[in-house]
Amino acid sequence: MALSDQEILAGLADIVNEETGVDTAQVQADKSFTDDLDIDSLSMMTIVVNAEEKFGVRIPDDEVKNLNTVGDAISFIQQAQA
């Protein structure tokens with residue numbers, strides 16, 4: 001069963017918090033990973049790997065550059081689960 005947007009958001013917030021120390025409350029769908037959350041490319045790759053494991057999806061390397069905001073990641077994970 002596919003997870004809801006809120007469940008994915010909560011999971012991503014936990015992953016981002018574990019990797020970067022960013023408060024989970026700051027991880028919102030409209031936030032940019034780089035501009036708003038100050039996540040560098042190395043941390044982003046770790047977040048992607050952890051998200052793949054947590055949500056059971058595959059995020060190809062060439063798709064990662066398209067995941068600019070938390071909402072982009074939520075949408076991608078939703079579609080990958082379908």
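The structure reproduced in this document is the subject of the present report. None of the values given here were measured: they were computed from a predicted structure. (Residues numbered from 1 in each chain as written. Predicted model: local features only at pLDDT ≥ 70, side-chain atom pairs only at ≥ 80, totals over all residues. Heavy atoms only, no water.)

Remarks on the environment of Ile-8
Here Ile-8 shows up in helix H1 (residues 5-20). Sequence separation between Ile-8 and Thr-24 is 16 residues, and the spatial gap between their C-alpha atoms is 13 Å. When near neighbours in sequence (up to four residues on either side) are disregarded, Ile-8 contacts Leu-3, Phe-55, Ile-74, Ile-77, Gln-78 and Gln-81. (Helix = DSSP H or I, 4+ residues; strand = E, 2+ residues; numbered from the N terminus. Contact = heavy atoms within 4.5 Å.)

Observations regarding helix H4 (residues 70-81)
Between its terminal C-alpha atoms H4 stretches 17 Å, which fits the 16 Å expected from twelve residues at 1.5 Å a residue. What H4 keeps buried is the set Val-70, Gly-71, Ala-73, Ile-74, Phe-76 and Ile-77. The secondary structure elements touched by the buried residues of H4 are H1, helix H2 (41-55) and helix H3 (61-64). (Expected span 1.5 Å × (residues − 1). Buried < 20%, exposed > 50% of the residue type's maximum accessible area, 1.4 Å probe, protein only.)

Structural notes on the packing of H1 against H4
Orientation of H1 relative to H4, taken along the N-to-C sense of each, is 120°, at an axis distance of 10 Å. Classified by the angle between their axes, H1 and H4 sit oblique to one another. As H1 runs across H4, the sense of the crossing is right-handed. Residues Asp-5, Ile-8, Leu-9 and Leu-12 of H1 touch H4, and the partners they reach there are Val-70, Ala-73, Ile-74, Ile-77, Gln-78 and Gln-81. Residues belonging to the contact of H1 with H4 are distributed by class as follows: seven nonpolar, two polar and one charged. (Axes fitted to C-alpha atoms, helices over the stretch in contact; angles between N-to-C directions. Parallel < 35°, antiparallel > 145°, perpendicular 65-115°, else oblique. Left-handed = near helix turned anticlockwise from the far one by under 90°. Nonpolar A, V, L, I, M, F, W, Y, C, P; charged D, E, K, R; others polar.)

So, unusual backbone geometry
Both trends apply: most residues other than glycine have a negative phi, and most peptide bonds are in trans. The phi angle at Asp-38 is positive, at roughly 55°, despite the residue not being glycine. Turning to its location among the elements, Asp-38 is positioned in the loop between H1 and H2.

Here we look at the side chain of Glu-52
Mapped onto the elements, Glu-52 comes out in helix H2. Using a relative accessible area of 18% as the deciding quantity, one classes Glu-52 as buried. Excluding anything up to four places from it in sequence, Glu-52 contacts Val-57, Arg-58 and Ile-59.

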